[in-house]
Every structure is written in structure tokens, then in C-alpha cells.
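Close look at the chain arrangement
In case you want the letters, here they are:
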Amino acid sequence: MSKDAGLMERSQEQGTVARKRRGAGTIGEADVGARVLLQAWVRRRRDHGGVTFLDLRDSSGTVQVVVRPEQSPGAVAALDRARLEWVVEIEGEVARRSPETVNRKMPTGAFEVVASAGRILARCEPLPFNLEGPVEASEETRLRFRYLDLRREELARNLRLRHQVVMETLRYFDQEGFLHVETPILTRSTPEGARDYLVPSRVHRGSFFALPQSPQLFKQILMVSGVERYVQICRCFRDEDLRADRQPEFSQIDVEMSFVDRDDVMAVMEGLTKRLFPLAGVEVEPPFPRCTHSEVMARYGVDKPDLRAELELEDLTSELGSSGFRAFRQSAEEGGAILGLAVPGAAAASRREVDEWAEQARAHGAAGVLTLRRRDGALQFQVKDALTAGELETAGARLGLAEGDLAVLVAAPRARAAAALGELRVPLARKYGHFREGYRLLWVTDFPLVEWSPDEGRFAAVHHPFTHPHPDDLALLDSDPAAARSLAYDIVLNGVELAGGSIRIHDPELQERVFRILGISASEARERFGFLLDALRYGAPPHGGFAVGLDRLVMLLAGGASIREVIAFPKTASAVCLMTQAPSPVDPEKLSELGIRVPPRNRE
């Protein structure tokens, strides 16, 4: 018998079955006594005294198949060579398993299929890594063989969850009267903070399309077009350095609405959250708490606070800024701050631990940390005799230090001090029992409109150039732009920005005014954003929206640590697809046709 013929050999036993495939995971009580056809992968094989047990897996789940030589010798012969991950076809009758053999870990564990016929549909080479149990292979190996990695239950479950999130999102917005509109992938380069991916035009040599970093301009133009309520599950592209929660191409739930204010948009986002979180077994109840940007920075030191950590920063500048301790006094005199983070029960922390905290603080620009402890009924500052007894008691009272508590202090420019302690909040809360598991959502509002960029020597938009200034701060645009707030808002989940958005500028004069603050000249604005400025002059309604990072949302709902675990075919941290080996060199003739020449690499 030839090799190919052997692959397709099939046993024939008495009885027939309708040639309609059943999902392995769909076998249930109603099927007992019925004959079924299964086509699936061999997940597990066990041989016991001549009887073979095969666990067959497909996208619907897993079911056990029993192959008994006395009942179906042809099936035994046909399936004798079947090994892990071979693809097989089996016909048989559904039976109940005896009570002592029921597998309660498997949805179909009370049933089995007794094989009467079978054949091998495809062989599988020896696996480069196990598909069951803990992952032992490196991520590089898993990405190289992604088609095998995706067979693992964890990743298959993540893809199913992603599908459910997408479908429920579209159902929600359809019920809310939104229109799903697709925007161009090949568009004009309008830099929005990251580098564009460029696509050369063959027809217009020397000109390039750009892949969109977001549909921001198009969705605003859709509002001018009268769409009023737009949604899109869209692809976005950014040529930037990657992290665990970033990819060069990613998906977002993109939303824009006309005739709304900030509260209207936030209510829609909260409604979406209430619909999606139960897909992962999580119930949330809007409205979610709100905190201004200045408040979260003062209380948590970061603009994406993890509210599961039940520790907050305290400002001790007024209490300790005029003390005899030179580091504190100098920081206050130079306009800096003395901030503290009280950690109940941490007074026994070792010197090594404190040194580790200091190293983390230095990574954020602070000189280090100092500790204040209440131990044996007294307050003990790390620098002996640097503070008076009165100063110690005042600081201890402000921090709320009880017996056995410790506070970490940082004196530095306010932003650095806040960032240093903000970085320490979560690990210290975890270590000393002040961390509450669960899902904690928070709105952060009133972000600064602009921030000074020393490298560029000009103001840069904190969100994007189309964000509407806070109406109460319009007078500051000319006198003190850095003090102006915006109508921007982020929703934060467990220390991760889940979604962000803003009310947009719909007045062309105000838009040009903001461009001037950002150092964008009238001619540059016309060149880069002329089509938007033109559109705003044709009856633009007030509008606003938000974008949800779909990959990040699914990652959080799935309990993953990287968005690569919820994307079917992700890139590595160096933006490479190990499975397809993309990006790759292109034939010189194709480059010549596009008018592109790649200079030789500088060997130095």
C-alpha cells in the first residue's frame, strides 16, 4: 500500500452514519445511543490492555473515544498509528461512561464515543513543544510555530473571548444607534506622536501613503458628514518601540458622537464596559469614580493609578520644608516637594529592602528614599537627629503612622518625587497586605492641554492637537498654556489605561489657535491638516469620542500579562513575525519600479 493510500485508509464496519460532522465538545446526554462522525486532532492517547483511548479535540472541545478490538478490529487497525496531534476521523456510538470513570474536569466527561470505524486524515511531525500543561518552550519557539501554539487551550480560549468581545461590542453599539463605518488604511501621513509606516505609491513615484496611527481625522470628518454616531473595530499602525502591551499593528474600538458633552461620552463607555466585563465573569456597576488629573497625581503619583493598592501619597512640604535637615529645606526652597507614602506594618523592613526602594526611586530621577518608622513607641528617622521631636511628631501625625508602621519619604522636584513614590505604591501594597484583588475602574479627567517639550523647544499636545481646551481655561491659552486643562478623559483599569478620549475642537478658529500654541504654523497646519480645517468650516457639530485598546482590554479580561497572548499572529518586541519571517528584503526590481533605492548598510 502506498504512503498516501495508507494515510486515507479507513475501516468499514456494520451500520451507517449521516456524513455530518459533530463537534467533539458538543457531545451530550441527548446523543446517548446515537451514531456520530468526529473529525478532530488527537489530544491524548492511552493504551490499556489492547483497548485504546483517544481524547479528540476540535474548536468545540474534547471528547473521549474508545477503540475496542473485539468490537471494531478495523478501527483498531486504522487508528493504530495515530499519535498526538494527528488528524483523524472516527465514526461511533455515544455511550455513558461508568460513574467511576467520569471525568468531571471535562464538559463531555460523562460520555464517550465507542468507535466502529476510523481513518487517519493527516499526520503530525514530532512536536517542538508540548501543547498540554505548563508552557516550557521559549516565546520565540512558540511564535515560530504559532499554528501549534494556538492549539493550546489557553490561547484558544483567549481567541474565543476576543471574538465574544468584538461581537458584543457591535451588538451594543448597534442597539445604541451607532453606524459602523470603515475608514481608509492607505491615507496621508499626519504625524500623531509616533512614526508612521509608509507605503510607496507605484503610480505616483516619490509619493507615499501612510498606514493610520488612528482614524482620528476621518472620524471627526464623519461627524461633519452628519453620521452623528460612528463606531469601528479598526486596525491602527505605529512604528514605535514595543512593550508587553504594544504592537506595531493593533486593534481598537473607535467611537465618535455628535452633539454630546463629556458626560454623554463617558456614559456610553460605561455602558460598553458593563456589557463586556461579564464575558469574563466580572460584574461592574457604573458610574465609576472620577478624579481629576491633578488629584490622581497628588494622591497616587501617576495618572494611571492602580486602585487595588490601598496606599496614598501625602505632601509633607509645609511640615518639613523649613526643617533643619538640609535635603528637605533645599528641596522646598528650590520649588520641589517632600512627599511621603505610609505603609502600615512595614516598620521591620530591612536595610536591603530600603536600598532596593531607593534604587527604584533613582530610576525616576529622585536621589533616593528616606524612612520614618514608629517602633517601640517612638518615631525613628533614617538620618539620626536630622529632625526635631516636634517635626517627627508632626510628620507622623500627617502620615497617620501607628506602632509598627513605616513611611517612605522622597524630596525632589514634585513630578519626580510623585513618580518615584507612585512606582513604589503597588509593590509595597502587595508585600505588606494592602492590596485588594479585583477590578477597579477609575475615570481620570481634566488632563493638561499641553506640556513643554525641552527636546523640541515647544509645547506638545498631551493627548492630540484636536482636543478641546476646558471652557474655563480658554483665557489661559495666550497667557499660560501649560496651566490650561483639556476636556480629555481616560478610563483606567488596575493601573492600565483601558480607553481614552476627549471632546474635540469643532471651531476652526480655535483649532488654528491651538496649532499656534503647539508651534504649528498656518502653512504647516494647512499642509498637514488642511482637509480637516476645510471640513470644520462647513457646519461642524460639537463632537467627541473615545478609543478602547481592544487587545489590551481582552488581555486584562483574560488575566494575561501580554497582548501577544490575545493576538493570533503577533510580532516580537523587535517588530518581527517569526512565523513568516517578516519583514523581509524585497526584490530589487520591485524597488526600482517604486523608485526606491536601499543604500548599502554602513559596516562600521
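In this report, we go over the structure that sits alongside the text. (Residues numbered from 1 in each chain as written. Predicted model: local features only at pLDDT ≥ 70, side-chain atom pairs only at ≥ 80, totals over all residues. Heavy atoms only, no water.)

1. Focus on the environment of R398
Mapped onto the elements, R398 comes out in helix α12 (residues 389-399). According to the relative accessible area criterion, R398 is partly exposed, its value standing at 34%. For the pair formed by R398 and L316, sequence separation is 82 residues and the distance between their alpha carbons is 7.6 Å. Look past the residues within four positions of R398 in its chain and what remains in contact with it is E314, D315, L316 and E319. Looking at R398, its side chain comes within polar contact range of the side chain of E314, at 3.1 Å. (Helix = DSSP H or I, 4+ residues; strand = E, 2+ residues; numbered from the N terminus. Buried < 20%, exposed > 50% of the residue type's maximum accessible area, 1.4 Å probe, protein only. Contact = heavy atoms within 4.5 Å. Polar contact = N/O pair within 3.5 Å; in protein donor to acceptor, adjacent residues only side chain to side chain.)

2. Description of the packing of helix α6 (residues 216-224) against helix α16 (residues 522-536)
Two elements in contact, α6 and α16, have axes whose closest approach is 10 Å; the angle formed by their N-to-C orientations is 20°. The orientation of α6 with respect to α16, classified from their angle, is roughly parallel. The crossing of α6 and α16 is left-handed. Seen from α6, the contacting residues are L217, Q220, I221 and V224; seen from α16, they are F529, F531, L532, A535 and L536. When its residues are assigned to classes, the contact of α6 with α16 shows eight nonpolar, one polar and no charged. (Axes fitted to C-alpha atoms, helices over the stretch in contact; angles between N-to-C directions. Parallel < 35°, antiparallel > 145°, perpendicular 65-115°, else oblique. Left-handed = near helix turned anticlockwise from the far one by under 90°. Nonpolar A, V, L, I, M, F, W, Y, C, P; charged D, E, K, R; others polar.)

3. Quick look at the sheet that holds strand β16 (residues 378-381)
Taken together, the five strands give an open sheet; going across it, the order is β13-β14-β17-β15-β16, and neighbouring strands pair in antiparallel fashion. Each of the sheet's edge strands pairs with one partner strand only, and the pair in question is β13 (313-315) and β16. Here the strands of the sheet are splayed against their neighbours by 25° on average, with no regard to which way each runs. In this structure, strand β15 (residues 370-375) lies alongside strand β17 (residues 406-412), joined through four bridges in antiparallel fashion. Counted as the bridge partner of L370 is L409 from β17. Lying over the sheet, helix α10 (residues 326-333) contacts β14 (337-343), β15, β16 and β17, oriented at roughly 50° with respect to β17. On top of the sheet, helix α13 (residues 414-431) reaches β13, β14 and β17; it is set at about 10° to β14, its chief contact. (Pairing = 2+ DSSP bridges.)

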